[in-house]
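If you want the building blocks of each chain, they are given just below.
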Amino acid sequence: MAKEAPFDPCRQWLGIDAVDLGNARLVLGVAAQESDPQVVIRAADARLNLLRAIAPGPFELARTSLVTRVEEARETLLAEIAAGSTRSARPTVDGFAMPA
């Protein structure tokens, strides 16, 4: 009889491997080129709602950790998007950017 694979919260709850937790776009399940803050926010909300609706049983620590990862991923992507729009809106000359 074959043994069942151990429970993997990342795979079961987010559909990604644990090694991909460092990639904010994979954590949220958004496209690599996504630059719409509303899409990022909706994706994060969907992941957070899914995680919070789970009865984790003995995996409470894993669920709490994944909630934190999703929140961090959301903030990281929103900061990247904001920085990208700031860079394109404010031209630089010799490394100097005009203040807002």
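The present account deals with the structure reproduced in this document. Only a predicted model underlies this, so the values are computations on that prediction, with no experimental measurement involved.

Cut-offs applied
Residues numbered from 1 in each chain as written. Predicted model: local features only at pLDDT ≥ 70, side-chain atom pairs only at ≥ 80, totals over all residues. Heavy atoms only, no water. Helix = DSSP H or I, 4+ residues; strand = E, 2+ residues; numbered from the N terminus. Contact = heavy atoms within 4.5 Å. Areas by Shrake-Rupley, 256 points an atom, 1.4 Å probe, with all protein chains shown as cover. Salt bridge = Lys/Arg side-chain N within 4 Å of Asp/Glu carboxyl O. Buried < 20%, exposed > 50% of the residue type's maximum accessible area, 1.4 Å probe, protein only. Polar contact = N/O pair within 3.5 Å; in protein donor to acceptor, adjacent residues only side chain to side chain. Expected span 1.5 Å × (residues − 1). Arc of directions from axis to C-beta. Core = buried A, V, L, I, M, F, W, Y, C linked by side-chain atoms within 4.5 Å.

**Describing the overall build of the protein chain**
Argument step 1. The secondary structure content of the protein chain amounts to four helices and two strands.
Argument step 2. In the protein chain, 52% of the contacts between residues at least 6 apart in sequence involve partners at least 24 apart.
Argument step 3. As presented, the protein chain carries roughly 6800 Å² of accessible surface, and 57% of it is formed by carbon and sulfur atoms.

**Comments concerning the pattern of salt bridges**
Argument step 1. According to the stated counting rule, one finds five salt bridges in the structure shown.
Argument step 2. The residue Asp17 makes a salt bridge to Arg11 at a minimum N-O spacing of 2.6 Å.
Argument step 3. Judged by relative accessible area, which is 34%, Asp17 ranks as partly exposed.
Argument step 4. Across the pair Glu71 and Arg52 runs a salt bridge, and its minimum N-O distance is 3.0 Å. One end of the pair, Glu71, is in helix α4 (residues 60–89); the other, Arg52, is in helix α3 (residues 37–53), and 19 residues separate them in sequence.
Argument step 5. The exposure class assigned to Glu71 is partly exposed, which follows from its relative accessible area of 27%.

**Overview of the environment of Asp17**
Argument step 1. Assignment of secondary structure puts Asp17 in the loop between α1 (9–14) and α2 (24–28).
Argument step 2. As a C-alpha pair, Asp17 and Val27 span ten residues in sequence and 9.5 Å in three-dimensional space.
Argument step 3. Of the polar contacts made by the side chain of Asp17, one reaches the side chain of Arg11; its length is 2.6 Å.

**A short note on α3**
Argument step 1. The terminal C-alpha atoms of α3, which comprises 17 residues, lie 24 Å apart, in line with the 24 Å expected from a rise of 1.5 Å per residue.
Argument step 2. Looking only at α3, the buried set comprises Val40, Ala43, Ala44, Arg47, Leu48 and Leu51. One side of α3 carries all its buried residues, which in axial view fall inside an arc of 130°. When the buried face of α3 is taken as reference, the exposed residues oriented beyond 90 degrees from it are Arg42, Asn49 and Ala53.
Argument step 3. Structurally, the start of α3 carries an N-cap: the backbone nitrogen of Gln38 is 2.9 Å from a side-chain oxygen of Asp36.

**Focus on the side chain of Arg74**
Argument step 1. With respect to the helices and strands, the residue Arg74 is situated in helix α4.
Argument step 2. Not counting residues up to four positions away in its chain, the partners in contact with Arg74 are Leu28, Val40, Ala44 and Leu48.

**Details of the nonpolar core**
Argument step 1. Ranked by internal contacts, the top residues of the largest apolar core, which has 21 residues, are Leu28, Leu51, Leu66 and Val70.
Argument step 2. Those elements giving two or more residues to this core turn out to be α1, α2, α3 and α4.
Argument step 3. Take this core: its biggest share by element is six residues, from α4.
Argument step 4. Beyond its immediate sequence surroundings of up to four residues, Leu66 is in contact with Pro9, Cys10, Trp13, Leu14, Leu21 and Leu51.

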